[in-house]
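Structure at a glance
Below are the chains, spelled out letter by letter.
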Amino acid sequence: MTKAAKTRSVAIVGAGPVGALMAVYLANRGWNVHVYETRPDMRLPENKAKIQNRSINLALSTRGLTALKGTGLALDELIMKSGLPMRGRMLHIGNEGHLVSQDYGVHGECINSVDRAKLNEDLITAAEELNNVKVTFNHALKRADLDKGTLTLENKETKEVVDAHADLIIGCDGAYSSVRNSLMRYVRLDFGQEYIPHGYCELSIPAKVGADGKPEFAMDPEHLHIWPRHKFMMIALPNPDKSFTVTLFMPFANFEMIHNEGDLLNFFEQYFADAIKLMGKDLLIKEYFKNPKGSLVMVRANPYHYKDRCIILGDAAHSMVPFYGQGMNCGFEDVRILDSLLSEFNVKSTKEGESDNSLALALEAYTDRRTKDLKAICELALYNYTEMRHGVTSPVYLMRKKVESWLHLLVPSRVIPLYTMVSFSNRPYSEAYARHHKQGFWLSVAGAAVGLGTAAGLLVAGWKQRRQLKDAAGLLKAAFLTAAQSAQKLVQ
Ligand SMILES: Cc1cc2nc3c(=O)[nH]c(=O)nc-3n(C[C@H](O)[C@H](O)[C@H](O)COP(=O)(O)OP(=O)(O)OC[C@H]3O[C@@H](n4cnc5c(N)ncnc54)[C@H](O)[C@@H]3O)c2cc1C
C-alpha cells in the first residue's frame, strides 16, 4: 500500500440475505465492511420469539447456489445441509385434490426448499466470522449524504441519532429502501412501484405421526405442491421438521369476504377440501386469523448507482412478485455480478486519492449490464403467476410442456424450456426470455402437429366409447387451439 492509499470502507444497509452475502464477498476482497440492520439480532432467542414465530421457506435454485458457492466458503453446502430438494410441481386438481406431478426438468433437476430465517442467520454468522466485517443491529438508516459518504442512523433502542461514514454505501434494505430514497436525490432515477391485487397468508400442514410414532410428511416432500384455482392459488413447500409451509395467494377482495370461521371453512371446503384434511380445521382457523395478510409489491428503479458512492441491490432495486421463486436468487446473482465487475475493472481494496476511477466505472457497468436482465425477470415473475394458478391446468399448456420436454431431450442445444433456463442455469434472464420467445413459435407448430396426429390416431383407431371420445375431443380441442395460436403468431 502506498502512503496515500487506504483500505476501502463500505456501509451495507440491511442484513437481509442479500446484504449479508454482499458483506462476505467484499470482506473476501479485503474491504472494511460495516453492516447496519434495523432489526434486532435474529439469532438471539429473545428476539427470535418476537420477530419469527413461524417457519417461512423459500425456493433456492441455481443462481442463488452459484453465488453462495462463489464466496469460496462452501456456503452453498452449508445452506443445503437443511435444504429439501423439490423435483417438480404436484398439482392438486379440483376440489378433491386429484394429484398430477410435473417434473421441473428432464434430467431430475431440483429447486430447494430452505428456511428463510435460518439461511439469513447462517449468512450473517458467516459474515461476522470474517474479521473485517462488523454488523450493528437495531440501527435504521434515516438518510445518506452520498457525496460526503455520511449515513445518518437511528438507534432503535435508545432513539439516539448517530452518524457513520463510508467510501461506498450499498443499499440492501429491501423493497421500501431508504438508501434508494437518498439515491433519488442524486441521480435522475426512474422509479415505479406497483401493488398487485393479490395478497398472501402463510398457513401450515403439520407433520403426521408415522406407524413408528415418528413424524412423517403428510404429502410427498419432493414436490412443490400447488392448488391452482384460476383466480387464486395455494402452494406448499416442505420443511426439515416434516411440516409444510403453505401460502394462500388471492385477491385482497377475496380475503375481505372471509369474516369468520364459518366463512373460512366454507371457502376451504369449496376449493381446498383435500388440504383441510391435512391442515386440520383448528390449526387452519388459528393460523388464518392470526397471520398477517401480506401485500405483493413490484419495484422498479434505474439507474442502480451513483458515481463510486452508492449502489442498490436485491429487493431495494427490483422487488418482484414471488411466483418464479427468483427474488432472493436474483439478489444473490446481483452480488456475484457486482463482484465480477469489481475484478473486471480492477477495483482494488485500497483507494489511492481521488484519481481512482475504477469503482465508478464498475458501478456504471453494473447498471448498464444488469438493467435488461432485471426487467426481464420482473416480467417473467408476473407472467408465472398466471401460469401457476391457471395455465398449469390447461390442455394446451400441458401439451406444449410435453413437446418442449421431448424436444429438449432430442435437441438439448436447440430447445431449452424457459423454467430450465431461469431456475437451473446462470444464463442472463434477458437472454432466457428472448430465447423462449424465439422457441415459442416452433413449439406451437410442433405441439399442434403432435396434438392433431394423436387425436386423429385416437379417432381412427375407433375408440368409440363415450369416455374415450371425450378425451379425444379434449385433445383435438387442445390441438386446434394450439394450431390457432400458431397461426395467429405467424400472422403477427
Ligand atoms: C411470499 C414470498 C415468497 C417468496 N419466495 C421466494 C422464493 O421462493 N425464492 C426466492 O428467491 N425469493 C422469494 N421471495 C423473495 C425474497 O424473499 C426476497 O427477494 C429477498 O428476501 C430479498 O432479499 P433482500 O436482502 O434484498 O431484502 P430483504 O429480505 O427485504 O432484507 C432487507 C433487510 O434490510 C433491513 N432494512 C430495511 N430498511 C432498513 C433501514 N432503513 N436501515 C437498516 N436496515 C434496514 C430489513 O430489516 C431487512 O433485514 C419471496 C417473497 C415473498 C414475499
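The structure reproduced in this document is the subject of the present report.

Parameters and conventions
- Residues numbered from 1 in each chain as written.
- Predicted model: local features only at pLDDT ≥ 70, side-chain atom pairs only at ≥ 80, totals over all residues.
- Heavy atoms only, no water.
- Phe/Tyr/Trp six-rings, centres within 6.5 Å; stacked < 30°, edge-to-face > 60°.
- Helix = DSSP H or I, 4+ residues; strand = E, 2+ residues; numbered from the N terminus.
- Buried < 20%, exposed > 50% of the residue type's maximum accessible area, 1.4 Å probe, protein only.
- Polar contact = N/O pair within 3.5 Å; in protein donor to acceptor, adjacent residues only side chain to side chain.
- Contact = heavy atoms within 4.5 Å.
- Near = heavy atom within 4 Å.
- Areas by Shrake-Rupley, 256 points an atom, 1.4 Å probe, with all protein chains shown as cover.
- Nonpolar A, V, L, I, M, F, W, Y, C, P; charged D, E, K, R; others polar.

On to the packing of aromatic side chains. With the rule as written, the count across this model stands at 21 aromatic pairs. Centroid distance tyrosine 104 to tyrosine 419: 4.7 Å. Interplanar angle 10°. Geometry classified as stacked. With tyrosine 104 in the loop between strand E7 (98-103) and strand E8 (111-115) and tyrosine 419 in helix H15 (residues 418-423), the pair connects residues that are 315 residues apart, well separated along the chain. With respect to burial, tyrosine 104 and tyrosine 419 carry one shared label: buried. When the centroid spacing of 5.1 Å and the interplanar angle of 50° are considered together, the rings of tyrosine 186 and tyrosine 306 count as tilted.

What follows is about the side chain of threonine 247. With respect to the helices and strands, threonine 247 occurs in strand E19 (residues 244-251). Overall, threonine 247 belongs to the buried group, its relative accessible area being 9%. A distance of 3.2 Å separates polar atoms of two side chains, one belonging to threonine 247 and the other to glutamate 202. In contact with threonine 247, other than residues within four places in its own chain, are Tyr200, Cys201, Glu202, Met233, Met234 and Ile235.

Right, let's get into the site of the ligand. Near the ligand, the surroundings consist of 28 residues, among which Glu37, Arg39, Ala59, Arg116 and Asp315 are the closest. Here alanine 59 contributes a backbone N or O atom positioned 2.7 Å from an oxygen atom of the ligand. Between the ligand and leucine 141 there is a distance of 2.9 Å, counted from a nitrogen atom to a backbone nitrogen or oxygen. Contact with the protein chains hides 84% of the accessible area of the ligand, taken as 1,000 Å² for the molecule alone. When residues of the shell around the ligand are traced back to their parent elements, those giving at least two are helix H1 (17-28), strand E4 (57-60), strand E10 (139-145) and helix H12 (327-344). Of the residues that constitute the shell around the ligand, the class distribution is 12 nonpolar, 11 polar and 5 charged.

On to the environment of alanine 164, then. Along the chain, alanine 164 falls in strand E12 (residues 161-165). Judged by relative accessible area, which is 14%, alanine 164 ranks as buried. In the structure, alanine 164 is positioned 91 residues away from leucine 73 in sequence and 29 Å away in space, judged by C-alpha atoms. The residues touching alanine 164, leaving out its near neighbours within four places in the chain, are Tyr36, Gly149, Thr150, Leu151 and Leu153.

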